[in-house]
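Now for the letters of each chain:
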Amino acid sequence: MSSISRTLGNLRKIGLKEYWHQLNYIGDTKAGVLVGTDRFGNKFYENNDELPLRTRWVDYVKHDFDPGQIEPLWHAWISYAVDVPPTKDPLTQAIGNRPWAPKEHVPNRTFTRAAFKTYNTTKPKIQTWQPFAAPRP
């Protein structure tokens, strides 16, 4: 829970429209610098005045809040695996467009009807035991 002075300070910094948007979607108000956007349209922010490990956050385009909607390079940055965002990293700039990456977001289909289910087409080597009850005379 944030303090009232922090909340009012963020309201003054980000404005009423963005304040209401953040309260509805992330449940807290944050003011920070826009670091960049990925090709899906997600916006990444940073504020080093926040509490440790709460200095980076993402504003998703689609508000399903699926972490799979973040590109891998941005996911490494937002989870503090790297310190430099992909927009400023020379290695990621050299990679440029990754032709092997999917063009659109592929959602996580776990616990849906479209989830991957394994199946086997070979004959089992071990047969299950079927109990046999002989009729009584």
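Residues numbered from 1 in each chain as written. Predicted model: local features only at pLDDT ≥ 70, side-chain atom pairs only at ≥ 80, totals over all residues. Heavy atoms only, no water.

- Taking an unreviewed UniProt entry as the reference, the chain is identified by name as NADH dehydrogenase [ubiquinone] 1 alpha subcomplex subunit belonging to Podospora australis.
- The UniProt entry for the chain carries the following comment under Function (unreviewed entry): "Accessory subunit of the mitochondrial membrane respiratory chain NADH dehydrogenase (Complex I), that is believed not to be involved in catalysis. Complex I functions in the transfer of electrons from NADH to the respiratory chain. The immediate electron acceptor for the enzyme is believed to be ubiquinone."
- Check the Sequence similarities (unreviewed entry) section of the UniProt entry for the chain; it says "Belongs to the complex I NDUFA12 subunit family." (UniProt positions renumbered as here; feature names shortened; annotations may be inferred.)

1. Thoughts on empty space enclosed by the protein
Okay, step 1: All chains considered together, the criterion is met by one cavity of 30 Å³ or more.
Okay, step 2: Considering the residues around the largest cavity, the lining is formed by Glu18, His21, Gln22, Ile26, Tyr45, Trp57, Val58 and Asp59.
Okay, step 3: Within the lining of the largest cavity, the residues separate by chemical class into four nonpolar, two polar and two charged. (1 Å grid on protein atoms, 1.4 Å probe; cavity = no way out; pocket = protein on both sides within 12 Å on 5 of 7 lines; lining within 4 Å. Points joined across faces, edges and corners; volume = space filled by probe spheres on them. Nonpolar A, V, L, I, M, F, W, Y, C, P; charged D, E, K, R; others polar.)

2. A few points about helix H1 (residues 4-14)
Okay, step 1: For H1, the full list of buried residues reads Thr7, Gly9 and Asn10. Buried residues along H1 cover an arc of 160 degrees about the axis, so they all sit on one side. Away from its buried face, by an angle of more than 90 degrees, H1 presents the exposed residues Ile4, Ser5 and Arg12.
Okay, step 2: Along its buried surface, H1 packs onto helix H2 (16-25). (Buried < 20%, exposed > 50% of the residue type's maximum accessible area, 1.4 Å probe, protein only. Helix = DSSP H or I, 4+ residues; strand = E, 2+ residues; numbered from the N terminus. Arc of directions from axis to C-beta. Contact = heavy atoms within 4.5 Å.)

3. Points about the packing of H1 against H2
Angle between the axes and distance between the axes: these two values describe a pair of packed helices.
Okay, step 1: Remark: H1 packs on H2, axes separated minimally by 7 Å, with the N-to-C direction vectors making an angle of 125 degrees. Viewed along their axes, H1 and H2 adopt a mutual orientation that is oblique. Facing Thr7, Leu11 and Ile14 of H1, the residues of H2 in contact are Leu16, Glu18, Tyr19 and Gln22.
Okay, step 2: Taken together, the residues of the contact of H1 with H2 break down into four nonpolar, two polar and one charged. (Axes fitted to C-alpha atoms, helices over the stretch in contact; angles between N-to-C directions. Parallel < 35°, antiparallel > 145°, perpendicular 65-115°, else oblique.)

4. A closer look at the sheet that holds strand S1 (residues 33-37)
Okay, step 1: Taken in spatial order, the three strands of this open sheet run S1-S2-S3, and their pairing is antiparallel. Edge positions in the sheet fall to S1 and strand S3 (56-59), since each of these pairs with one other strand and no more. Between one strand axis and the next, the sheet turns through 30 degrees on average, direction left out of account.
Okay, step 2: Across four bridges, the pairing between S1 and strand S2 (residues 43-46) is antiparallel. (Pairing = 2+ DSSP bridges.)

5. Some details on the pattern of salt bridges
Okay, step 1: Inspection of the entire model under this criterion finds two salt bridges.
Okay, step 2: For Arg39, the salt bridge identified is with Glu71, shortest N-O distance 2.5 Å. With Arg39 in the loop between S1 and S2 and Glu71 in the loop between S3 and helix H3 (72-78), this residue pair connects regions lying 32 residues apart in the sequence.
Okay, step 3: By relative accessible area, Arg39 is classed as partly exposed at 39%.
Okay, step 4: Here Arg56 makes a salt bridge to Glu46, at a shortest N to O gap of 3.4 Å. One end of the pair, Arg56, is in strand S3; the other, Glu46, is in strand S2, and ten residues separate them in sequence. As far as the burial class goes, Arg56 and Glu46 line up, both buried. (Salt bridge = Lys/Arg side-chain N within 4 Å of Asp/Glu carboxyl O.)

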